[in-house]
Amino acid sequence: MRTLWRIIAGFFKWTWRLLNFVREFILNLFLVLLIVVCVGIWFQVNRATTPEPVTKGALVVDLTGVVVDKPSVNNKLSKISRQLLGASSDRLKENSLFDVVDAIRQAKDDANITGMVLDLRDFAGGDQPSLQYIGKALREFRDSGKKIYATGDSYSQAQYYLASFANKIYLSPQGNVDLHGFATNGLYYKSLLDKLKVSSHVFRVGTYKSAVEPFLRDDMSPAARDADGRWVGELWQNFLGTLAANRQITADQVFPGAQGVLDGLQKTGGDTALYAKNAKLVDELASRALVENELGKIFGWDDRANEYKGTSIYDYAVKDNGSANGEIAVIMANGAIIDGEETPGNVGGDTTAMQIREARLDKKIKAIILRVNSPGGSVTASETIREELAAAKAANKPVVVSMGGMAASGGYWISTPANYIIASPSTLTGSIGIFGVINTVENSLDAIGVHTDGVATSPLADVALTKALPPEMQQMMQISIENGYRNFLGLVAKSRGKTPEQIDQIAQGHVWTGSDAKANGLVDALGDFDDAVTKAAELAKLNKPKLNWYQDEPGFMDMLFSQVDVSIRAALPGALKVYLPAPMAEVVSAMKNQPGLFDKMNDPQNRYAMCLTCAQVK
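Residues numbered from 1 in each chain as written. Predicted model: local features only at pLDDT ≥ 70, side-chain atom pairs only at ≥ 80, totals over all residues. Heavy atoms only, no water.

Within the protein, the regular secondary structure consists of 23 helices and 25 strands. Across the 618 residues that make up the protein, the buried fraction comes to 48%. Counting only contacts in the protein whose residues sit at least 6 apart along the sequence, the fraction spanning at least 24 positions is 77%. Carbon and sulfur atoms make up 56% of the accessible area of the protein, which totals about 29900 Å². (Helix = DSSP H or I, 4+ residues; strand = E, 2+ residues; numbered from the N terminus. Buried < 20%, exposed > 50% of the residue type's maximum accessible area, 1.4 Å probe, protein only. Contact = heavy atoms within 4.5 Å. Areas by Shrake-Rupley, 256 points an atom, 1.4 Å probe, with all protein chains shown as cover.)

Structural data, given as structure tokens:
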């Protein structure tokens, strides 16, 4: 019996030792892998900050994803991801507009860069002022004597806009140049709210303040249709004008209208590539292999890499702008304006105000450029930013606002203290108006047999999502909205040297293009970011300014966890990846594309200065 117990005990003893060994082995293996990843990231961080020699050849502008003023994920993280895992075709990737332009401008004077290849197959686009700014850099590159070649199987409108700056455009024989125009499309859900028995209490000022129409209608109002039709038409004409000038043809040749396109396709038997060639939209129809062979003759062939000689724009290091006699702070207001701290893709009122305060108190900073690319948002957050910008101006630090694709409603509110406002001709701005929305679900609950009751010391204390909004509260909200609108008019009037009555005539929620805003006195000049830098330097009396970009730098732990996540995803079979949660960048990007208000509505007083249709142009 003792022998049997000894055998049983021995079995469990060795089994326990084996389990301990396996456990320790796995933990040690994980620790070793973690150390290897950390060391790898450390080396990649050093590589990312150390410029590498550039092989003589082309600068390959192989942009992936979209171009924005301020990416949600720091570009340093993206570069390290690329170095660790290789090229990516993630169309949700965000690229810094200013990094792209800086790289192109440096390449113009780089002896190792003998030309450029625009490989835009994975480029998803950007707003029109951003494309115009990149186009300006491409024109400078071309005017330096270095040639640009664009290659693509097909071109979307945004891709073709950049391709039009090339000396020669190649298109696949089965390809297409998809020029179709601009449109706005929003969701309207009054009928849905009615079916759900949701009570929407809307308060607004402004004939053209259409942001609340989705709560009130199932279609666009005539006033909103007329207003949006005007500025969408202007953007399209600006777009066609640039293409026509670049291709040295007329705007009607670029896009002869829907019927004109149909007639052209009928002549070619439906051959979209031949239609593009006949319309002089492209220069040559050629397969990928033929294009690659041609580029190999132009830039030389790399036998080791088996491709023409070139450096991706993602691997091309941009040098620091060197010494300066003063610094200009560049602060970005990119996205919807929300109360509190910044979140990816949104402007945090507290965060942006703190950055302005730091610039105001920094003796090295001689001027401030506020780059605005926002449809607006919370009135409270907008005022927080405006007050801090006004304090900087009062401290004798010149403030210049550079408007990007949008600087509407709250985006214009925060611009009012500036010494000088510069907008692109295609900027969407104005939309001076206020609205408020409070939704209650008392009828929805009643329909399913749930009721709310209680006592309150006053009607103002009896405000709840589950109860009808008291009449007194409704009156207070409307008074508050009207007061906010008067304040908005007053701020703009003081800033622009006009009376509130004069501003009211061009306000009422009316959206203006930059050209119209200039004619109406809402901005000082038409131009781009370069003009803003020149103006800020002039006001601060700086001969050679250095730009100090106020952006969060990723810490080592940010880089570590980001790379661990993408490394795991890259190592998994494709069939398993679909079961993983979407990366945060994808979720944020998807949320940005939603036309709803709810993820942007956190104003403590439920007051908003926001233009939704400004972000819906496609």
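Turning our attention to the environment of V492. Mapped onto the fold, V492 is located in helix 17 (residues 471-496). Residues V492 and P417, spaced 75 residues apart in sequence, show a C-alpha to C-alpha distance of 8.8 Å. Sequence-distant contacts of V492, defined by excluding residues within four places in its chain, comprise Y412, T416, I432, I503 and L522.

Turning our eyes to something else, we now look at the pairing of strand 18 (residues 399-408). When you tally the buried positions in strand 18, you get ten out of ten residues, the bulk of the element. The pairing of strand 16 (residues 365-374) with strand 18 spans six bridges and is classified as parallel. Residue pairing in the sheet places I368 in a bridge with V399 of strand 18. The pairing of strand 18 with strand 19 (residues 420-423) spans three bridges and is parallel. The residue bridging V400 from the neighbouring strand is Y420, located in strand 19. Relative to strand 20 (residues 428-430), strand 18 runs parallel, the two being bridged by three bridges. Considered in strand 20, the bridge of A408 is made with G430. (Pairing = 2+ DSSP bridges.)

Our next topic: helix 13 (residues 349-361). A rise of 1.5 Å per residue sets the reference length of helix 13, with its 13 residues, at 18 Å; its end C-alpha atoms lie 18 Å apart and thus fit the reference within 8%. Buried within helix 13 we find G349, T351, T352, A353, Q355, I356 and A359. In this structure, the buried residues of helix 13 make contact with strand 13 (326-334), strand 14 (336-338), strand 15 (346-348), strand 16 and helix 14 (379-394). (Expected span 1.5 Å × (residues − 1).)

Further remarks concern the packing of aromatic side chains. Within the structure shown, the criterion is met by 16 aromatic pairs. With centroids separated by 6.4 Å and ring planes inclined at 35 degrees, the aromatic side chains of F299 and Y308 adopt a geometry described as tilted. Y308 carries the same exposure label as F299, and that label is buried. One aromatic cluster is present, formed by Y161, F165, F182, W236, F239 and F255 through successive ring pairs. (Phe/Tyr/Trp six-rings, centres within 6.5 Å; stacked < 30°, edge-to-face > 60°.)

Reading across from one edge, 3-2-5 is the order of the three strands in this open sheet, with parallel pairing throughout. The sheet is open, and its two edges are formed by strand 3 (94-96) and strand 5 (123-125), each paired on a single side. The mean inter-strand angle of the sheet, taken between neighbouring strand axes irrespective of direction, is 40 degrees. Where helix 3 (residues 97-108) meets the sheet, it contacts strand 2 (65-68) and strand 3, and its direction lies at approximately 55 degrees from that of strand 3. (Axes fitted to C-alpha atoms, helices over the stretch in contact; angles between N-to-C directions.)

The next point concerns the sheet that holds strand 9 (residues 284-285). Taken in spatial order, the six strands line up as 9-7-6-4-1-12 in an open sheet, and their pairing is parallel. Looking at which strands have only one partner, the edges of the open sheet turn out to be strand 9 and strand 12 (310-312). Pairing of strand 6 (residues 147-151) with strand 7 (residues 168-171) involves two bridges; the strand directions are parallel. By the bridge assignment for strand 7, Y149 is matched with K168. Contacts from helix 4 (residues 128-143) reach strand 4 (113-119) and strand 6 within the one sheet, and its direction differs from that of strand 4 by about 140 degrees.

Attention now goes to the packing of helix 13 against helix 14. The contact between helix 13 and helix 14 brings their axes to 8 Å, and the two run at 5 degrees. By the criterion of interaxial angle, the relationship of helix 13 to helix 14 is roughly parallel. For the pair formed by helix 13 and helix 14, the contact residues are G349, D350, T352, A353, I356, R357 and R360 on the first element and A381, T384, I385, E388, L389, A391 and A392 on the second. (Parallel < 35°, antiparallel > 145°, perpendicular 65-115°, else oblique.)

For S424, the position within the fold is in the loop between strand 19 and strand 20. There is a polar contact of 3.0 Å between the side chain of S424 and the side chain of Q132. If we skip the residues at most four places from it in the chain, S424 touches P129, Q132, M403, G514, S515, L526 and G527. (Polar contact = N/O pair within 3.5 Å; in protein donor to acceptor, adjacent residues only side chain to side chain.)

Where helix 3 meets helix 4, the axes come as close as 9 Å, and the angle between the chain directions of the two elements is 5 degrees. Relative to helix 4, helix 3 is oriented roughly parallel. Of helix 4, the residues touching helix 3 (which contributes L97, F98, V100, V101, I104, R105, A107 and K108) are S130, Y133, I134, K136, A137, L138, E140 and F141. Here the residues of the contact of helix 3 with helix 4 are counted per class, giving eleven nonpolar, one polar and four charged. (Nonpolar A, V, L, I, M, F, W, Y, C, P; charged D, E, K, R; others polar.)

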